[in-house]
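Geometric and topological summary
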Amino acid sequence: MNFFSSDFKLGILGGGQLGKMLLYETCKWDIYTRVMDPSAEAPCKIACNEFVQGDLMDFDAVFDFGKNVDVLTLEIENVNVDALEKLEQEGVVVYPSHKTLGVVQNKAKQKLFYVDNDIPTSPFTRFAYTSEIEDSIANGGTKLPFVWKSARFGYDGQGVKIVRQVRDLKSLPNVECIAEQLVDFKNELAVIVARNSDGKTQTYPVVEMEFHPEANQVEYVLCPARIDARIAEKAIHIAQKVSKKMEHVGLLAVELFQTQDDDILVNEVAPRPHNSGHYSIEASFTNQFEQHIRAILGLPLGKTDSKVAGVMVNLVGAEGYTGNVVYENMDQILEMDGVSPHIYGKKQTRPFRKMGHVTIVDQDMAKARAMAQKVKKMIKVISQ
């Protein structure tokens with residue numbers, strides 16, 4: 001099939017920043033794109049060929065949208081899986097498939113998948129409702145502290161809370177959930193595996209993630225991770241195993257814990273471009289967004305090696321500010337060598353909302369990390 005400057009249509013469910021960065025690559029190759037998102041102000045709107053406003057969880061909206069494309073992909077997991085299954089039955093190519101997405105969408109199913117496939121993960125208990133947990137604690141079935149995770153619809157740090165005392169449960173929604181044993185870890189790591197429709201794979205280097213303690217969001221991503229080569233090899237091996245068992249097509253971001261004993265445990269996965277791969281736009285031979293396009297179209301996968309060390313800094317809305325966004329001190333960070341800001345196109349800011357990122361590249365990781373700290377302190381995402 002001819003994808004370039006042709007009648008071929010690629011559909012993308014979700015019009016946020018990940019979709020916008022996918023569109024940089026489709027524009028580069030002149031691939032025709034249709035995007036659907038609930039928001040009339042979605043960042044993707046300015047760069048796609050067709051934009052459709054619609055509810056991603058609505059069967060009819062997703063099905064009607066998908067009927068008009070040749071290949072359908074996504075940039076967010078919260079979409080109607082039944083509609084994807086129906087589209088596949090009618091001959092639309094959907095990546096990731098409804099089967100892959102069905103496992104990933106529900107954190108309880110995802111954890112059971114790891115257990116069933118002998119993939120190391122932290123111990124957990126599944127609950128139909130949060131209200132059942134208190135009885136489990138009282139009867140010794142669940143031990144404090146633990147990590148509470150909503151089974152569905154968690155995103156960007158939402159739907160996750162560390163429960164240290166019984167009273168912490170009171171503020172949580174009464175939904176299907178898991179209680180996951182708290183992991184004593186040295187590092188939070190991630191590996192992105194690309195797999196095309198022929199089953200061929202490429203793996204990006206292990207990255208190290210530093211999280212904001214309150215928002216449970218990534219603040220910094222460092223590539224390469226500052227870990228022993230033996231640990232990196234183990235992390236890559238486990239990520240590749242997850243990819244093989246899941247049989248996804250596209251990208252699979254595998255988030256991992258490195259324990260104090262240097263075991264590697266899978267935390268969770270995302271079958272799409274991921275925050276942990278943003279560094280690749282400036283630092284890699286093939287960035288994650290181009291790689292996703294290559295994978296879902298069955299094209300040869302690109303080289304995943306890094307050209308330089310890269311550190312990604314997330315730009316999130318500052319606490320205490322809600323409204324029309326203002327980026328303070330952009331001119332100052334643009335004066336720095338090796339600094340590349342990416343603004344996502346969201347007009348409204350609120351505390352901890354992802355508004356952009358900045359990549360810092362250098363031959364020396366220590367220098368890149370030090371520069372990232374300066375950038376983080378300098379730039380402010382506030383409102384008018």
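What counts, and at which threshold
Residues numbered from 1 in each chain as written. Predicted model: local features only at pLDDT ≥ 70, side-chain atom pairs only at ≥ 80, totals over all residues. Heavy atoms only, no water. Helix = DSSP H or I, 4+ residues; strand = E, 2+ residues; numbered from the N terminus. Rg over C-alpha atoms; globule rule 2.2 N^0.38 Å. Buried < 20%, exposed > 50% of the residue type's maximum accessible area, 1.4 Å probe, protein only. Contact = heavy atoms within 4.5 Å. Areas by Shrake-Rupley, 256 points an atom, 1.4 Å probe, with all protein chains shown as cover. Lys, Arg positive; Asp, Glu negative; His and termini not counted. Charge placed at Lys NZ, Arg CZ, Asp CG, Glu CD. Core = buried A, V, L, I, M, F, W, Y, C linked by side-chain atoms within 4.5 Å. 1 Å grid on protein atoms, 1.4 Å probe; cavity = no way out; pocket = protein on both sides within 12 Å on 5 of 7 lines; lining within 4 Å. Points joined across faces, edges and corners; volume = space filled by probe spheres on them. Pairing = 2+ DSSP bridges. Axes fitted to C-alpha atoms, helices over the stretch in contact; angles between N-to-C directions. Polar contact = N/O pair within 3.5 Å; in protein donor to acceptor, adjacent residues only side chain to side chain. Parallel < 35°, antiparallel > 145°, perpendicular 65-115°, else oblique. Nonpolar A, V, L, I, M, F, W, Y, C, P; charged D, E, K, R; others polar.

Looking at the overall build of the chain
Assigned secondary structure in the chain consists of 11 helices and 21 strands. A compact globule built from 384 residues should have a C-alpha radius of gyration of about 21 Å, and the chain, at 21 Å, falls within 12% of that. Looking at the chain as a whole, 55% of its 384 residues qualify as buried. Residue pairs in contact within the chain that sit at least 24 positions apart in sequence constitute 63% of those at least 6 positions apart. Element-wise, carbon and sulfur atoms account for 47% of the exposed surface of the chain, whose accessible area totals about 16,700 Å². Here the chain contributes 43 positively and 51 negatively charged side chains, and the mean placements of these two sets differ by 2 Å.

A word on the nonpolar core
Counting residues in hydrophobic clusters, the biggest one holds 23 residues, and the most contacted among them are V206, V242, V254, L256, V266 and V269. Listing elements by their share of this core, those giving two or more residues are α5 (107-116), β10 (185-195), α7 (229-246), β14 (250-259) and β15 (264-270). Of all the elements, α7 adds the most residues to this core, at seven residues. If we ignore the near neighbours within four places in the chain, the residues touching V266 are Y114, I119, P120, T121, S122, I238, V242, V254, E255 and L256.

Re the layout of surface pockets
In this structure, the second largest pocket encloses a volume near 260 Å³. In terms of lining residues, the second largest pocket is bounded by 13 residues, among which V316, G317, A318, K376 and I379 are the most central. Elements that contribute at least two residues to the lining of the second largest pocket include exactly β16 (309-316) and β21 (380-383). With three residues, the single largest contributor to the lining of the second largest pocket is β16.

As for unusual backbone geometry
L144 connects to P145 through a cis peptide bond whose omega is -10 degrees. Within the secondary structure layout, P145 lies in the loop between α6 (133-138) and β7 (146-150). Here the residue pair C223 and P224 is connected by a cis peptide bond, since its omega of 5 degrees sits within 30 degrees of zero. Although it is not a glycine, S5 adopts a positive phi angle of roughly 50 degrees. On the secondary structure map, S5 appears in the segment before β1 (9-13). Although it is not a glycine, F352 adopts a positive phi angle of roughly 70 degrees.

Quick look at the sheet that holds strand β3 (residues 50-53)
One open sheet accounts for five strands, arranged β3-β2-β1-β4-β5; its pairing is parallel. Because the sheet does not close on itself, it has two edges, and the strands there are β3 and β5 (93-94). Relative to the sheet, helix α2 (residues 59-66) contacts β1, β2 (32-37), β3 and β4 (71-74), its axis offset from that of β2 by approximately 175 degrees.

A closer look at the side chain of N106
Residue placement: N106 occurs in the loop between α4 (98-105) and α5. Judged by its relative accessible area of 6%, N106 falls in the buried class. Engagement of the side chain of N106 in a polar contact is seen with the backbone nitrogen of A108, the distance being 2.9 Å. At a separation of 3.1 Å, a polar atom in the side chain of N106 contacts the main-chain amide nitrogen of K109. Residues contacting N106, with those up to four places away along its chain left out, are A151, R152 and E176.

Description of the packing of α4 against α5
Two elements in contact, α4 and α5, have axes separated by 5 Å at closest approach and are oriented at 105 degrees. Of the possible angle classes, the one that applies to α4 and α5 is roughly perpendicular. Every residue of α5 that contacts α4 at G102, V103, V104 and Q105 is listed here: K107, K109, Q110 and F113. A per-class count over the contact of α4 with α5 returns three nonpolar, three polar and two charged.

It is worth stressing that arrangement in space is one thing and function is another; only the former is reported here.
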